[in-house]
Amino acid sequence: MKPLRVIFMGTPAFSAAIFNQLLHLETRNLIEIVGVVTRADRPEGRRKVLKPSPLKKALLSIGKEQLLLETDKVKQIHPQLKARQADLIVVAAFGQILSEEVLNSSRLGSYNIHTSLLPKFRGAAPIQRAILAGCSETGVTLMQMVRGLDAGAMLKKAVISLPPYITYGELEQKLIALSESLLEYLVTQASRARSKEEFEMQFEEQNEEEVTWAEKVEKLEARIDFSEHIDSVAQKICAFDPKPGSYGFYCVGKSDASQNPSELKRIKFFGVRETMLFVQNSEFEQLSANQSPGDLIYSEGKCLGVLCGKGIVSLKEVQPEGRNKMPFNAWLRGSAQQQNIRFV
């Protein structure tokens, strides 16, 4: 059977990982990658040095720069896409809206790897929103691309359970692994289709009544307020690890540092070890008597974690401003006044 001619579109590290899976399919002679589309290089850092996207780096690392199509306006390269005479366009986290003519510039259409169980969490941040919502499961959906945002018909899903305290970074890696079997299924089914219309008969429309949205994460969302319910605090820390990174402020002493902002020091939080939910008259509730949210709770000289609404959260790692990431307990041991530290 003749390999399918495939154009791939993507941008971030997630896209680079999916591209590597397509390369594996190419080595098995299931596909031939005939084009790779990514955003143009962008200035980064204080010196504004132009940096390529992670997908472009992956492509250049294997010496296939002849496949590269760079653009911040994909509509402008429609003629080049048509010239590649592709059977399929595969998209993963490309980050640009595709016009109707681009979507239809291959024989069988355009298909997207979306990291949620559609129609739940359409939009830019499905992985983080699933963690923030406290979902017990999520997954990957292979869907047809249409003009509406993540609104296309679905070919196949893969489901994964979410263990407690899984972070955004950890879950993304698991979803990448799930995607490999979906890509192979897409290629296998497309190879058997004699026309786009025949291929589309295998797809299932989304139920519009079940749609939820995964809006882009704003940096202010990552500010941790320890007076919130313990579940909300833990979900935020996990959902924003490693990026953008949840953060807060701390001071030393029991004075009201909010009246003197110069006493506050910024710190980032990474990962949750465990949470201890209060029940009436429990040991944890008694230990926190006369304490305020943000205070460290100790038992027999050992720090259990930070007091939140309805419980205590035990942190894995922190990164004080201007320093490297380190275990939370190691950071405490390095402070001469560790028992007087409080988060605000």
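Residues numbered from 1 in each chain as written. Predicted model: local features only at pLDDT ≥ 70, side-chain atom pairs only at ≥ 80, totals over all residues. Heavy atoms only, no water.

Draft legend 1. Representation of the environment of glutamate 215. Its place among the elements puts glutamate 215 in the loop between strand E11 (213-214) and helix H8 (230-239). Sequence separation between glutamate 215 and alanine 124 is 91 residues, and the spatial gap between their C-alpha atoms is 5.7 Å. Leave out the neighbours within four places in its chain, and glutamate 215 touches Ala125 and Arg129. (Helix = DSSP H or I, 4+ residues; strand = E, 2+ residues; numbered from the N terminus. Contact = heavy atoms within 4.5 Å.)

Draft legend 2. Molecular detail of the packing of helix H1 (residues 13-27) against helix H6 (residues 168-192). Relative to each other, H1 and H6 sit at 40 degrees, their axes nearing to 10 Å. When the axes of H1 and H6 are compared, the pair comes out oblique. Where H1 crosses over H6, the handedness of that crossing is right-handed. Between H1 and H6, the residues in contact are Phe14, Ala17, Ile18, Gln21, Leu22, His24 and Leu25 and Glu172, Ile176, Ala177, Ser179, Glu180, Leu183, Glu184 and Val187, respectively. Across the contact of H1 with H6, the residue classes tally to nine nonpolar, three polar and three charged. (Axes fitted to C-alpha atoms, helices over the stretch in contact; angles between N-to-C directions. Parallel < 35°, antiparallel > 145°, perpendicular 65-115°, else oblique. Left-handed = near helix turned anticlockwise from the far one by under 90°. Nonpolar A, V, L, I, M, F, W, Y, C, P; charged D, E, K, R; others polar.)

Draft legend 3. Molecular detail of H1. An ideal rise of 1.5 Å per residue puts 21 Å on 15 residues; H1 measures up with 21 Å between its terminal C-alpha atoms. Within H1, burial applies to Phe14, Ser15, Ala16, Ile18, Phe19, Gln21, Leu22, Leu23, Leu25 and Glu26. Elements that come into contact with the buried residues of H1 comprise strand E1 (4-10), strand E2 (31-38), helix H2 (54-61), strand E6 (88-92), strand E7 (110-114) and H6. In the stretch just after H1, asparagine 29 is the one whose phi turns positive, near 65 degrees. (Expected span 1.5 Å × (residues − 1). Buried < 20%, exposed > 50% of the residue type's maximum accessible area, 1.4 Å probe, protein only.)

Draft legend 4. Structural detail: a nonpolar patch on the surface. A cluster of nonpolar side chains, Ile97, Leu149 and Trp213, forms an exposed patch at the surface whose accessible area comes to about 340 Å². Mapped onto the fold, tryptophan 213 is located in strand E11. The partly exposed category is assigned to tryptophan 213, whose relative accessible area is 43%. (Patch = residues over 30% accessible without salt bridge, like charges linked within 9 Å, V, L, I, M, F, W, Y side chains within 5 Å. Areas by Shrake-Rupley, 256 points an atom, 1.4 Å probe, with all protein chains shown as cover. Salt bridge = Lys/Arg side-chain N within 4 Å of Asp/Glu carboxyl O.)

Draft legend 5. A look at the layout of surface pockets. Put simply, the largest pocket is a space of about 1400 Å³. Listing elements by their share of the lining of the largest pocket, those giving two or more residues are H1, E6, E7, helix H5 (126-132) and H6. Its volume calculated, the second largest pocket comes out at about 250 Å³. At four residues, the largest contribution of residues to the lining of the second largest pocket is made by H8. (1 Å grid on protein atoms, 1.4 Å probe; cavity = no way out; pocket = protein on both sides within 12 Å on 5 of 7 lines; lining within 4 Å. Points joined across faces, edges and corners; volume = space filled by probe spheres on them.)

Draft legend 6. Focus on the sheet that holds E7. Strand order in the open sheet formed by seven strands is E5-E2-E1-E6-E7-E9-E10, and the pairing between neighbours is mixed. Edge strands, defined here as strands with exactly one partner in the open sheet, are strand E5 (68-70) and strand E10 (154-161). Pairwise comparison of adjacent strand axes, ignoring direction, gives a mean angle of 20 degrees for this sheet. The pairing of E1 with E6 spans five bridges and is classified as parallel. If you follow methionine 9 over to E6, its bridge partner there is valine 91. Strands E1, E2, E6 and E7 of the sheet are contacted by H1, whose axis makes an angle of about 160 degrees with E2. Those strands touched by H6 are E1, E2, E6, E7, strand E9 (137-144) and E10, and its axis lies near 155 degrees from that of E10. (Pairing = 2+ DSSP bridges.)

Draft legend 7. Region of interest: the packing of aromatic side chains. Under the defined criterion, the tally for this structure stands at 12 aromatic pairs. Ring geometry for phenylalanine 226 versus phenylalanine 269: centroids 5.6 Å apart, planes at 85 degrees, classification edge-to-face. One end of the pair, phenylalanine 226, is in the loop between E11 and H8; the other, phenylalanine 269, is in strand E13 (residues 265-277), and 43 residues separate them in sequence. Each of the two residues, phenylalanine 226 as well as phenylalanine 269, counts as buried. What links up through ring pairs into an aromatic cluster is the set Phe226, Tyr250, Phe269, Phe328, Trp331 and Phe343. Directly above the ring of tyrosine 247 sits arginine 266, whose terminal nitrogen or CZ lies 3.9 Å from the centroid. Over the ring of phenylalanine 270 we find lysine 325; its NZ or CZ atom is 4.1 Å from the centre of that ring. (Phe/Tyr/Trp six-rings, centres within 6.5 Å; stacked < 30°, edge-to-face > 60°. Lys NZ or Arg CZ within 6 Å of the ring centre and 35° of its normal.)

Draft legend 8. Inspection of the pattern of salt bridges at higher detail. A complete count under the given rule lists 12 salt bridges for this structure. Across the pair arginine 28 and glutamate 184 runs a salt bridge, and its minimum N-O distance is 2.8 Å. Pair noted here: arginine 28 is in the loop between H1 and E2 and glutamate 184 is in helix H6, with a separation of 156 residues, a long-range link. Exposure remark for arginine 28: the relative accessible area of 39% places this residue in the partly exposed category. Its salt-bridge partner being arginine 194, residue glutamate 198 comes within 3.0 Å of it at the nearest N-O pair.

Draft legend 9. Focus on the packing of H1 against H2. H2 packs onto H1 with a crossing angle of 35 degrees between their chain directions and a minimal axis gap of 7 Å. Here Ala13, Ser15, Ala16 and Phe19 of H1 lie close against H2, whose contacting residues are Pro54, Leu55, Ala58 and Leu59. For the contact of H1 with H2, the per-class residue count stands at seven nonpolar, one polar and no charged.

Draft legend 10. Up close: unusual backbone geometry. For the bond from leucine 118 to proline 119, the omega torsion is 15 degrees, close enough to zero to count as cis. Residue proline 242 is bonded to the preceding aspartate 241 through a cis peptide linkage, with omega at 15 degrees. Take proline 242: it is sitting in the loop between H8 and strand E12 (246-252). At glutamine 85, a position not held by glycine, the phi torsion is positive, near 50 degrees. If you trace the backbone, glutamine 85 turns up in the loop between helix H3 (78-83) and E6.

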